[in-house]
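# Descriptive analysis of the structure
Listed below are the residues making up each chain.
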Amino acid sequence: MILYFSSTGNCKYAAEQIAAKTADRTVSLSAAYQSGDFSILPEPGESLGLVLPTYFGVLPSIVVDFLQQAEIRLDSGNYVYTVDTYGFHYGNVAAELAKILRKKTGREQDADFLLQSVDNWVPNFDLTDQEYVQSALDKADELLGGVIADILEKKRVRVEGEWPAPMLLMMKKAYKGASRTKNFTVSDKCVGCGKCAAQCPLKAIMMTDGHPIWNRTSCALCLGCLHICPENAIAYT
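Residues numbered from 1 in each chain as written. Predicted model: local features only at pLDDT ≥ 70, side-chain atom pairs only at ≥ 80, totals over all residues. Heavy atoms only, no water.

Let's shift gears to the sheet that holds strand 7 (residues 111–116). A sheet is described by the order of its strands in space; here five strands give the open sequence 2-1-4-6-7, paired in parallel fashion. Edge positions in the open sheet fall to strand 2 (26–28) and strand 7, since each of these has one partner strand only. Each strand axis lies, on average, 20 degrees off the axis of its neighbour in the sheet, ignoring direction. For strand 6 (residues 80–86) and strand 7, the ladder comprises six bridges, and the chain directions are parallel. Residue pairing for strand 7: Tyr86 is matched across the bridge by Gln116. Sitting on the sheet, helix 5 (residues 130–152) touches strand 6 and strand 7, and the angle it makes with strand 7 is about 165 degrees. (Pairing = 2+ DSSP bridges. Helix = DSSP H or I, 4+ residues; strand = E, 2+ residues; numbered from the N terminus. Axes fitted to C-alpha atoms, helices over the stretch in contact; angles between N-to-C directions. Contact = heavy atoms within 4.5 Å.)

The next point concerns the state of the cysteines. Applying the stated criterion across every chain, the model contains zero disulfides. Not part of a disulfide, Cys196 finds its nearest cysteine sulfur in Cys193, a span of 6.2 Å. Note on Cys196: relative accessible area 8%, which makes it buried. There is no disulfide at Cys222, and the cysteine sulfur nearest it, in Cys200, is 6.2 Å away. (Disulfide = S-S within 2.5 Å. Buried < 20%, exposed > 50% of the residue type's maximum accessible area, 1.4 Å probe, protein only.)

A few words now on the pattern of salt bridges. In the structure shown here, the tally under the stated rule is seven salt bridges. A salt bridge links Asp110 to Arg156; the shortest N-O distance between them is 2.5 Å. One end of the pair, Asp110, is in the loop between helix 4 (93–105) and strand 7; the other, Arg156, is in the loop between helix 5 and helix 6 (165–178), with 46 residues separating them in the sequence. A relative accessible area of 12% places Asp110 in the buried class. Several salt bridges share partner residues, and in doing so they unite Arg102, Glu108, Asp112 and Arg158 into one network. (Salt bridge = Lys/Arg side-chain N within 4 Å of Asp/Glu carboxyl O.)

Turning next to the packing of aromatic side chains. Across all of its chains, the model carries eleven aromatic pairs by this definition. Seen from their ring centres, Tyr86 and Tyr90 are 5.6 Å apart, and the 70 degrees between their planes marks the pair as edge-to-face. Connected via pairs of aromatic rings, a cluster forms that spans Tyr55, Phe56, Trp121, Tyr175, Phe184, Trp214 and Tyr236. (Phe/Tyr/Trp six-rings, centres within 6.5 Å; stacked < 30°, edge-to-face > 60°.)

Let's shift gears to the side chain of Glu46. For Glu46, the location among the structural elements is in the loop between strand 3 (39–40) and strand 4 (48–53). Glu46 sits in the buried class, given a relative accessible area of 15%. Within polar-contact distance, the side chain of Glu46 engages the side chain of Arg25 at 3.2 Å. The contacts of Glu46, once residues within four sequence positions are left out, are Met1, Asp24, Arg25, Asn78 and Tyr79. (Polar contact = N/O pair within 3.5 Å; in protein donor to acceptor, adjacent residues only side chain to side chain.)

In terms of burial, strand 6 is largely enclosed, as seven of its seven residues are buried. Burial along strand 6 is two-sided: Val80, Thr82, Asp84 and Tyr86 facing one way and Tyr81, Val83 and Thr85 facing the other are all buried. With six bridges connecting them, strand 4 and strand 6 associate as parallel partners. When the bridges of strand 6 are listed, Leu52 appears paired with Asp84. In this region the chain leaves strand 6, passes through helix 4 and returns to the parallel neighbour strand 7; the handedness of that crossover is right-handed. (Right-handed = clockwise from strand over helix to strand, strands pointing away.)

Among the nonpolar cores identified, the biggest contains 52 residues, and Ile40, Phe66 and Phe184 are the most heavily contacted of them. Counting residues per element, the ones that place at least two in this core are helix 2 (29–35), strand 4, helix 3 (61–69), helix 4, helix 6, helix 7 (195–199), helix 8 (224–228) and strand 11 (234–236). By residue number, the principal contributor to this core is helix 3, which donates five residues. Beyond its immediate chain neighbours, meaning those up to four positions away, Phe66 contacts Leu3, Leu29, Ala32, Tyr33, Asp37, Phe38 and Ile40. With 18 residues, the next largest nonpolar core counts Val51, Tyr79, Phe113 and Val147 among its residues. (Core = buried A, V, L, I, M, F, W, Y, C linked by side-chain atoms within 4.5 Å.)

So yeah, pure geometry; function would need other evidence.
See the structure below:
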């Protein structure tokens, strides 16, 4: 069982590649969240993979909320691993996951793997730069091959957090502030297709008079709405 959260494709791609090589199945955290299926129940002896992105060096808020609500059942026969995707900083995601799993199940993951890929944080990175994008994707594919080989061998490796506690607290605060939906704007290029509302994993966008309106004060900041807009009408400032 491979549980993944993906709004722009990096984690979905990684999860599907791992599943193909390990004969495993994938489960979309977004779909499970929206359907209310908060269950993580691998079969005895089945591996559990968590393929998750890094936002501001921490777990996305929707992932934390899902895992805290989830019924998680693990035993000693379940090989539990995480694949943390990131663009620039990987932060302390592995430690966050370990803390949640320890509280929910009495045990931590057996292995952590890092996977650097395209950084989708568009305020800082120009994704129209095809040279950067292709270089990052090629590097990610090479790294993913090594990750899959280690998963097949059920290697047990752990990743140390990147930041000390004060820095981590600062980044969590920055993430919370950046997640305010008032930071999103929509230009007159919007054609009212509704793709942004359909993409939002938290259903924080509703279409009103043919235009998207954010109906929450904050969101997960996955930027899926911005990336999926066919007219580039959504901006984040």
